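Observations on the three-dimensional arrangement
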Amino acid sequence: MSEPAISATALTRRFGQIRALRGVDLRLENGERLALFGLNGAGKTTLLRVLGLGLTPDSGSLAIDGYDSRREARRARARIGWLGHASLLYGDLSAHQNLAFWGRLHGADDVEKRADALLEELGLATYSDEPARILSRGLAQRLSLARALIHNPALLLLDEPFTGLDPLAADSLRKRLVERRPDAPSMIIATHRIDDGLALSDRWVLLSRGKISASGTSEGTDPASVADAYRAPRKAS
Amino acid sequence: MRRSGTRFLDATLLAATIAAIPAAIWAAMLYAPTEQTMGAVQRIFYFHVPSAMVAYLSVAVLLTSSIVYLAKRDLKWDDLSLAATEVALVFCTLVLITGPIWARPAWGTWWTWEARLISTLVLEILLLAALLVRRYASNRDLGARLAAILGITIAADVYVVHKAVEWWRGMHPQVFKEGGKGSIQTEMQTALLICTVSITLLCVLLIRLRYRTARIETRTQTMILERAEEGD
Amino acid sequence: MNPPGFLTSSWLVARKDMLLEWRTLDTWSSSAIFAVVVLLVFQFAVAGGAAQQLTGADLVPGVLWLAIAFSSVVGIARSMDSERQGDTLSALFRSPVDRGAIYAGKLVANCIKLAALELVLVPLAIVFFNASLAGFAWLKLILVLALCSFGLCALGTLFGAIVSRVGRGEALLATLLLPSATPLLLAGVTATAAVFHGDELTTVTRWLGMALGFDLLYFFLALATFEFVLEE
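Let me begin by describing the structure that accompanies this report.

The rules behind the values
- One numbering rule holds for all chains: residues counted from 1, following each sequence as written.
- The lettering of chains begins at A and the numbering of ligands begins at 1, in the order of writing.
- For a predicted model such as this one, the threshold for reporting local features is a pLDDT of at least 70, and the threshold for listing and counting side-chain atom pairs is 80 or more; totals across whole chains, interfaces and linings nevertheless cover every residue.
- We count a stretch as a helix when DSSP gives it H or I for four or more residues in a row; a strand needs E for two or more, and each element gets its number in order from the N terminus.
- Only the C-alpha atoms count toward the radius of gyration. The rule for a globule is 2.2 Å times the residue count to the power 0.38.
- Whether two residues are in contact depends on their C-beta atoms, placed from the backbone: they are in contact if these lie within 7 Å.
- At least two DSSP bridges between two strands are needed for those strands to be called paired.
- Throughout, the ten residues Ala, Val, Leu, Ile, Met, Phe, Trp, Tyr, Cys and Pro are labelled nonpolar, Asp, Glu, Lys and Arg are labelled charged, and all others, Gly among them, are labelled polar.
- A fitted line through C-alpha atoms serves as each axis, taken over the contacting stretch for helices, and the angle formed by two N-to-C directions is quoted from 0 to 180°.
- In this scheme every C-beta is placed from the backbone, and a residue whose C-beta has 20 or more other C-beta atoms within 10 Å is buried, one with 12 or fewer is exposed, and one in between is partly exposed.
- Every angle not falling under 35 degrees, over 145, or within 65 to 115 is termed oblique; those three ranges are roughly parallel, roughly antiparallel and roughly perpendicular.
- Two helices cross in a left-handed way if the nearer one is turned anticlockwise from the farther one by less than a right angle. They cross in a right-handed way if the turn is clockwise.

**Quick word on the overall build of chain A**
Secondary structure summary: chain A contains eight helices and ten strands in total. Taking 18 Å as the expected radius of gyration for a compact globule of 237 residues, we find that chain A reaches 18 Å, a close match to that expectation. If one aligns the C-alpha atoms of chain A with their principal axes, the spans along those axes are about 55 × 40 × 40 Å. Taking all contacts inside chain A whose residues are at least 6 apart in sequence as the whole, residues at least 24 apart take part in 68%.

Laid out in structure tokens, this is it:
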């Protein structure tokens, strides 16, 4: 029985007097995929950053792959892979050097081999020794995905990964994310694109004013109903 | 919301300061005897020296509130840091203005490369830079955190800079001698004491007042942000 | 599959910075050119009048540390730039490593880059200003350079990160770093002057001791507070 990818209870986080998260409970089983929806300012980004251990919650408990975020912070961070809008790459290092650096920094084993394999798999083998800055946005996003996966994380967090991608690049990324492999990490994707979100997840939640206000299973959910939930009148909390 | 206890303290502080200022002016201008060599302009010394001390006092407050902010992350400590920074800046500027005003008629030079003036100049620059960092930060929490780290480094630095310049100046003895404690008459010492106490009270009052306005600003900002979230 | 420990992660970060530098020569080229410009302009500044009386041994210590001070600002600012483009600083923060190790790694890289700069700068300064150094004096000079440059980098790396977080560059970094580093610069100039005048280093032990104290103070302060700079 493996540990849940995420086990979070009563997460709160405030910035000054603003309460961005007002008590979020979340449990993500091993291998499960979740879509995170919500208006800007609803706490979506904050929640994802807290789950990604980029932000500490003010209260509540959080464990990633069984590692407590406070007591075993470094091990917990090692289990996470992050893909956001920034490339998180060094433009002047080659694709391979980027993966090697980030891989080693995350404690990956067999870094060289894994880097080559990932580059091959994501169609970036030709750019292996080229500086990362020559890559187009779409290719760079793929390299960023490789960076997120190089250390075999238990949890992959995607923060609006389709931002700035042209339809072909978006398609290419979607195809790679949709693949279900036995060693694939659990995943949370935060996105405004409801169709993509539903296609890439097993279930979804909607964040509103710092709390989860709606949820459902992705299969069989009509995107329109999610859109409706977005527009639901704000409840006083 | 101030409780009656704080109101009483604030009132006492205000009253004490209002009483102390004329006392200081009297002590410096009338009570203290005129210095033989430098003449009347030497009286600026009674404001110059306490201003420097009080600038350092404000930095000590800054150091404390910076450390507490990093530990507790309550913005009120950042408000206190801001107040301490600005008040320290005011008194540093006073030192840097009164210094040359005193030096020129007394010794014929506008500027002297001695420990107090240089350390104060360094402190002034660093405090201004800290305010800039606050302003440039994209959000309040980041600005507060970075300013807190700077508060700690600045406080540590002021001491080291002062010592270093003292040593360095010791290698290049200047012609003049400041009113060192050894050569000072009792009336002068008393005047200095009165002025020090008054200026310290003034400093505490200013920090307190600035802190209160900073708290109001912070609370208003947060209310505005919260309303913006709720509204459509 | 364990996250790397302190030393390993520092080493990884340092190596990455050096690799970046190797591929672009970005830092070294901009800071080296700038340093030569400083030497040049200083030459004009001391061209006439009383400065003619000064020997190379008198001029080199001052101009050397002037050039090192400003070039280090340029160099450190440039090296923080490399983290700006891809927002890699936040990725470093999220890595399973001690945040102090990130600081240590960047510090090591900055020290190596500064050393590479000094390797060129010192002979140039000696040549431009007609100074000379007898045999063992070179070793003494290296010791002085190492001791004071380390502190410059230690403080500079911390301030560089702070300035980078608020999206600013060299000007703000210089405003923070140079006044704060006054004790180091004074120590550097005094000790370097002693070396060039053929004095034993024992005459300046006090200064070297202070430089060492400064180095340690800010190294540990930065180590402790770096994670607050990277946060969020």
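So that's the structure; there's more coming.
**Describing the sheet that holds strand β5 (residues 67-68) of chain A**
The four strands lie next to each other as β2-β1-β4-β5 (chain A), forming an open sheet whose pairing is antiparallel. One side of each edge strand has no neighbouring strand; the edge strands of this open sheet are β2 (18-28) and β5 of chain A.

**Focus: the interface of chain C and chain B**
Interface size is commonly expressed as the accessible surface area that is lost when the partners come together. With 24 residues of chain C at the contact, the number on the chain B side is 24 residues. By residue class, the composition of the side of chain C that touches chain B is 13 nonpolar, six polar and five charged.

**Considering the sheet that holds strand β10 (residues 211-217) of chain A**
Residue and element names in this part refer to chain A. With respect to topology, six strands assemble into an open sheet ordered β6-β7-β8-β3-β9-β10, the strand pairing being mixed. Each edge of the open sheet carries a strand with a single partner, namely β6 (80-83) and β10. Going from strand to strand, the sheet's axes swing by 20° on average, the running direction of each strand aside. Here strand β9 (residues 203-208) runs beside β10; their pairing, made up of six bridges, is antiparallel.

**As for unusual backbone geometry**
Residues and elements named next belong to chain A. Here Asn152, not a glycine, exhibits a phi torsion of approximately 55°, which is positive. Within the secondary structure, Asn152 is located in the loop between α5 (137-149) and β7 (155-159). Given 18 C-beta atoms within a 10 Å radius, Asn152 is considered partly exposed.

**Regarding the packing of helix α3 (residues 95-105) of chain A against α5(A)**
All names here are of chain A. Where α3 meets α5, the axes come as close as 9 Å, and the angle between the chain directions of the two elements is 25°. The angle between α3 and α5 falls in the class roughly parallel. As for how α3 packs across α5, the hand of that crossing is right-handed. Along the contact surface, α3 presents Ala95, Asn98, Leu99 and Trp102, while α5 presents Leu143, Ala146 and Arg147. The class makeup of the residues in the contact of α3 with α5 is five nonpolar, one polar and one charged.

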